[in-house]
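What the coordinates show
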Amino acid sequence: MKILLIGEFSNLHSTLATGLKLLGHDVTVVSDGGGWMENSSDINLSRSGYDFYNSIKYLVKVHNNFRKFKNYDVVQINNPSFLNLNIQRNLYFYRFLLKNNTKVFLGAFGSDYFWEKTCIENKILKYSDLFIGKTPLDIYKCSWIGTQLEEASIEVAETCNGIISCLYEYNIAYEPYYKEKLKYIPLPINTDLLHYEQKGNNVEKIKFFIGIQRLKTKLKGTDILLEELLKIEAAYPKEVLINKVESMPWSQYVKIMAESDVVLDQIYSYTPGMNGLIGMAQGLVLMGGGEPEMYELLNEKNNFPIVNVFPSRDDIYDKLEKLISNKKNIPEISFNSRKFIEEHHNYINVAKQYIDFWKSK
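Attention here is on the structure that accompanies the text. Starting afresh in each chain, residues are numbered from 1 along the sequence in its written order. Only residues with pLDDT of at least 70 are given local features in this predicted model, and only at 80 or more are side-chain atom pairs given and counted; all residues enter the totals for whole chains, interfaces and linings. As a rule here, side-chain values come from all non-hydrogen atoms in the structure, and water together with hydrogens is ignored.

1. Side note on the overall build of the protein
Looking only at helices and strands, the protein has 14 helices and 14 strands in total. Each radius of gyration is computed over the set of C-alpha atoms, and the globule rule expresses the reference value as 2.2 Å times the number of residues to the power 0.38. Taken against the 2.2 N^0.38 rule, which gives 21 Å for 361 residues, the C-alpha radius of gyration of the protein at 20 Å falls within 12% of a compact globule. Taken over the C-alpha atoms alone, the protein extends approximately 60 × 45 × 45 Å along its principal axes. We call two residues in contact when some of their heavy atoms are within 4.5 Å. Nonlocal contacts in the protein, meaning residues at least 24 apart in sequence, comprise 70% of its contacts between residues at least 6 apart. Approximately 16000 Å² of the protein is accessible, and the part contributed by carbon and sulfur atoms is 50%. To qualify as a helix, a DSSP run of H or I must reach at least 4 residues; to qualify as a strand, a run of E must reach at least 2; elements of each kind are numbered from the N terminus. Accessible surface area values rest on a Shrake-Rupley calculation with a 1.4 Å probe, where residue burial reflects the displayed protein chains alone.

Written as structure tokens, this is what we have:
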């Protein structure tokens, strides 16, 4: 198949493309590299600036590339707003893809109207970026509801051939409206590239890894995670070591992560994101989102390696303290973490699921 993947969130399309190519498909990845993450792509659509000159320069670059985006068997965009342009221009290029290619699919891979709507209604999730129970949070500002972004989300969802969700939260956001054209497919992890090393063997100090994205620290909850981790370090100075990194290229980030035992990731999610999964693939214990609903969606009945935390300081501190008190369990959790990734997130198996779904629509 001839496949075009446009847009990037956390190396998803780049990793998926690697799996698809190994299966014999012709794949082109188009993205801005995910900004500071420097994800790989075949065609770079990064934008230099937002002044008049750079805006025209970027628009010309997009136009020149899109003229070539015809006659693909499958095109997949990562979001209704898949280009660094206003939503009306995004719609223009989306309609072009729809007209000139066999099938177009929408990735439910991040914030959009349907996810915001689910969070605002606050009927399904125990917590999200907008609420913990009935308590509203101020870490996320809605931008899709009641705007042209809402209209665009609905148009894309209505007219695309199918929708793929990568997290439990995104799946339940679309399910009430598009169950027949929706498919949950786990995030792809390159298990060949990520070396597994069992953690926690004869270790005096537990090395905790926390990655800070400067613009998303509150959104991910890493500000709270770090504060509680520092309290644990003060309480158990002989047993805790913190590896903290801030916004660095993905390859360097992963290398530093591999030297740790435990990775702390987003706390408002029911499902682990790429960051946590990459840690698990390397044998790290993940402390973050891992709710029962996520395991049920994967049909996993035996292996539950994620140290799931409720987004509260008390629960985070308690789970950190239990890990330290029971560090003898870390090698087993480490082994089960890698096993979990191999069974559910292997990039070639995930690529096969994409192919099967694309062909079915």
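2. Brief notes about the packing of aromatic side chains
Aromatic contacts are taken between Phe, Tyr and Trp rings whose centres are within 6.5 Å, Trp giving its six-membered ring; a plane angle under 30 degrees counts as stacked, one over 60 as edge-to-face, and the others as tilted. Scanning the model with the defined rule gives 21 aromatic pairs in all. Taken together, a centroid distance of 5.0 Å and an interplanar angle of 65 degrees make the contact between Tyr-113 and Phe-114 edge-to-face. Classification of residues uses two cut-offs on accessible area relative to the type maximum, computed with a 1.4 Å probe and protein chains only: under 20% is buried, over 50% is exposed, and between them is partly exposed. Look at Phe-114 and you get buried, because its relative accessible area is 3%. Sitting over the face of the ring of Tyr-72, Lys-2 holds its NZ or CZ atom 4.5 Å from the ring centroid. Put simply, a charge is over a ring when the Lys NZ or the Arg CZ is close to the ring centre, within 6 Å, and near the line of the ring normal, within 35 degrees.

3. Considerations on the environment of Asn-71
Residue position: Asn-71 is located in the loop between helix H2 (52–66) and strand E4 (74–77). Take Asn-71: its relative accessible area is 62%, and that puts it in the exposed class.

4. Some points on the pattern of salt bridges
Where side chains of opposite charge bring their charged atoms close, a pairing between them can arise. Definition used for salt bridges: Asp or Glu carboxyl oxygen within 4 Å of a side-chain nitrogen of Lys or Arg. Inspection of every chain in the model, using the stated rule, returns 12 salt bridges. A salt bridge links Lys-117 to Glu-121, with the nearest nitrogen and oxygen atoms 2.6 Å apart. Taken together, the residues Lys-117 and Glu-121, both in helix H4 (residues 113–121) and four residues apart, mark about one turn of the helix. Accessibility expressed as a relative area gives 38% for Glu-121, which makes it partly exposed. Across the pair Glu-228 and Arg-313 runs a salt bridge whose closest N-O atoms are separated by 3.3 Å. Here the residue Glu-228 occupies a position in helix H8 (residues 222–235), and Arg-313 occupies one in helix H12 (residues 313–325), the gap between them amounting to 85 residues. Connected via shared salt-bridge partners are Glu-227, Glu-228, Lys-231 and Arg-313.

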